[in-house]
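Observations on the three-dimensional arrangement
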Amino acid sequence: MMYELVLRAPEALVEAVSDALSDDLDALSVSVEDADAGTEAEQALFGEPGMPAPRPGWDRSTLRALFEDEAAAERAATLLLAQDWTEGLSLQALEPVAEQDWVRITQSQFGPVEITPSFWIVPSWHEPPAAAERVIRLDPGLAFGTGTHPTTRMCLRWIAAHARSWSRVLDYGCGSGILAIAAALHGAAAVDAVDIDPAAVDSTRANATANGVMLNAGLPDAAGGAYPLVLANILATPLKLLAPLLAGFVAPGGSLVLAGILERQADELKAAYAPFLTLEVSDREDGWILMTASRMA
Ligand SMILES: C[S@@+](CC[C@H](N)C(=O)[O-])C[C@H]1O[C@@H](n2cnc3c(N)ncnc32)[C@H](O)[C@@H]1O
């Protein structure tokens, strides 16, 4: 049975204790909460979308670390509290967590995500909503892209709004393969999905199979030729570096759809793509923007 170790730590210790728990003491997961949450002393930590919060922790934080069994949790507590650098750290609880509950708690955080009233991303432990005509079955996993991030949602909305029988689609930086699968479900005849991370390529293949769609997933050199639709949800810096490559993949009459860009980065992106294509902001959500361009036929 899994055990949860609950510790109270002053701000200065939060990062070092979390690192020690996950790197040296075999914690399966570590979460940090404001120990004063729900009281007048509660503090909010704000960060730019997708960026770490400006401060690593609250004045007093509660750290919750999950362990495989009681012995591992006890060992971690004993070792941590015996260190001379952990003065101020205190043990709040060491208690069993029923595995069933842990799975249920994790699953309950991921419900179906509505992209349009008829297009939904649905975890395997949920039934699709009755109105869903197109559904991607996807569980939170190692690779990014479960439909819960604004950048992914904006790309999915664009695909749904522009659905057509694309002869070829390229998903560059495919992560879980969610955009590639969406393109296949919205009419693409052939889809190439590439990523620099081999784990993402594996995840894309598994998710495509689970959704009954055929994709050609691989490392970036699997992409080639011209595509009527090129999708890339990465981040502003790699998107700027990739400008000649990505623009070069867009077929005459084709579209380029870029995400992973913050509102204030719009001009940098426009400038980087200006020699090839004219980018415009075509959607925005939570500080993120979607930028698109078309190539003349
Ligand atoms: C933000 S995730 C997007 C995943 C998914 N396409 C989505 O929309 O949710 C970005 C992905 O791009 C990949 N990536 C980052 N830099 C890359 C590069 N230079 N070439 C190819 N893939 C890259 C990462 O490994 C990651 O899987």
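Residues numbered from 1 in each chain as written. Predicted model: local features only at pLDDT ≥ 70, side-chain atom pairs only at ≥ 80, totals over all residues. Heavy atoms only, no water.

Things to note about the overall build of the protein chain
What the protein chain contains, in helices and strands, is nine helices and 14 strands. Looking at the protein chain residue by residue over its 297 residues, the buried ones come to 43%. Residue pairs at least 24 apart in sequence account for 65% of intrachain contacts in the protein chain once pairs closer than 6 positions are excluded. Surface summary for the protein chain: the accessible area is close to 14,700 Å², and the carbon and sulfur share equals 54%. (Helix = DSSP H or I, 4+ residues; strand = E, 2+ residues; numbered from the N terminus. Buried < 20%, exposed > 50% of the residue type's maximum accessible area, 1.4 Å probe, protein only. Contact = heavy atoms within 4.5 Å. Areas by Shrake-Rupley, 256 points an atom, 1.4 Å probe, with all protein chains shown as cover.)

Here we look at the site of the ligand
What surrounds the ligand is a group of 15 residues, the closest being Gly145, Thr152, Gly173, Asp195 and Asn233. Here the ligand loses 83% of its free accessible area of 610 Å² to cover by the protein chains. At the level of secondary structure, the elements contributing two or more residues to the shell around the ligand comprise strand 8 (169–172) and helix 5 (178–185). The class makeup of the residues in the shell around the ligand is seven nonpolar, five polar and three charged. (Near = heavy atom within 4 Å. Nonpolar A, V, L, I, M, F, W, Y, C, P; charged D, E, K, R; others polar.)

Topic: the packing of aromatic side chains
Tallied over the full model, the rule gives two aromatic pairs. For the ring pair Tyr172 and Phe249, a centre distance of 6.4 Å and an interplane angle of 35° mean the geometry is tilted. Residue Tyr172 is located in strand 8, and its partner Phe249 is located in helix 8 (residues 243–249); the two are separated by 77 residues in the primary sequence. Relative to Phe249, the ring of Tyr227 has its centre 5.8 Å away and its plane inclined at 85°; by these criteria the two rings are edge-to-face. Of the two residues, Tyr227 sits in strand 11 (residues 227–233) while Phe249 sits in helix 8, which places them 22 residues apart along the sequence. An aromatic cluster of at least three residues, connected via ring pairs, comprises Tyr172, Tyr227 and Phe249. (Phe/Tyr/Trp six-rings, centres within 6.5 Å; stacked < 30°, edge-to-face > 60°.)

Here we look at the UniProt feature "binding site: S-adenosyl-L-methionine" (unreviewed entry) in the protein chain
If you check UniProt for "binding site: S-adenosyl-L-methionine" (unreviewed entry), the listed places come out as Thr152, Gly173, Asp195 and Asn233 in our numbering. Leaving out residues up to four positions away in the same chain, Gly173 has contacts with Val194, Asp195, Asn233 and Ile234. When residues no more than four places from it in sequence are discounted, the contact partners of Asn233 are Phe144, Thr151, Thr152, Cys155, Tyr172, Gly173, Leu179, Ala259 and Gly260. Looking at Asn233, its side chain comes within polar contact range of the side chain of Thr151, at 3.1 Å. (UniProt positions renumbered as here; feature names shortened; annotations may be inferred. Polar contact = N/O pair within 3.5 Å; in protein donor to acceptor, adjacent residues only side chain to side chain.)

So, the sheet that holds strand 5 (residues 113–116)
Strand order in this open sheet of three strands is 5-6-7, and the pairing throughout is mixed. The two strands at the open ends of the sheet, each matched to only one other strand, are strand 5 and strand 7 (134–137). Neighbour-to-neighbour, the strand axes of the sheet open up by a mean angle of 20°, direction not taken into account. By the bridge criterion, four bridges tie strand 6 (residues 119–122) to strand 7 in an arrangement that is parallel. Among the inter-strand pairings, Val122 is bridged to a residue of strand 7, identified as Arg137. Docked against the sheet, helix 4 (residues 150–161) engages strand 5 and strand 6, running at close to 40° with respect to strand 5. Running at roughly 150° to strand 7, helix 5 makes contact with strand 6 and strand 7 of the sheet. (Pairing = 2+ DSSP bridges. Axes fitted to C-alpha atoms, helices over the stretch in contact; angles between N-to-C directions.)

Here we look at the sheet that holds strand 11
As a general point, the strands of a sheet are linked pairwise by backbone hydrogen bonds and lie either parallel or antiparallel. One open sheet accounts for seven strands, arranged 10-9-8-11-12-14-13; its pairing is mixed. If you trace the sheet from one side to the other, it starts and ends with strand 10 (216–218) and strand 13 (280–285), each paired once. Between one strand and the next, the sheet's axes are offset by a mean angle of 15°, whatever the strand orientation. By the bridge criterion, three bridges tie strand 8 to strand 11 in an arrangement that is parallel. By the bridge assignment for strand 11, Leu170 is matched with Val230. Each of strand 12 (250–262), strand 13 and strand 14 (288–294) is contacted by helix 9 (residues 266–273), which is oriented at about 150° to strand 12, the strand it contacts most.

Details of the nonpolar core
Counting 32 residues, the largest nonpolar core has Ile121, Ile136, Leu156 and Val169 as the members making the most contacts within it. For this core, the elements supplying multiple residues, two or more each, are strand 5, strand 6, helix 4, helix 5, strand 9 (191–194), strand 11, strand 12 and strand 14. Per-element tally for this core: the top contributor is helix 5, with six residues. Not counting residues within four places of it along the chain, the set of residues in contact with Ile121 comprises Gly111, Pro112, Val113, Ile115, Ile136, Leu138, Thr146, Gly147, Leu156 and Ile178. Counting 26 residues, the second-largest nonpolar core is a separate cluster that includes Leu242, Ala247, Phe249 and Ile289. (Core = buried A, V, L, I, M, F, W, Y, C linked by side-chain atoms within 4.5 Å.)

Comments concerning helix 1 (residues 11–24)
Every α-helix winds through 3.6 residues per turn, so residues three or four apart in the chain are directed the same way. In a regular helix each residue adds 1.5 Å, so 14 residues correspond to 20 Å; helix 1 covers 20 Å between its end C-alpha atoms and thus fits that length. Here helix 1 has its buried residues at Leu13, Val14, Val17, Ser18, Ala20 and Leu21. Axial view of helix 1: buried residues confined to an arc of 165°, hence all on one face. Turned more than 90 degrees from where helix 1 packs its buried face, Ala12, Glu15, Asp23 and Asp24 sit exposed. Asp26 sits one or two residues past helix 1 and shows a positive phi near 65°. (Expected span 1.5 Å × (residues − 1). Arc of directions from axis to C-beta.)

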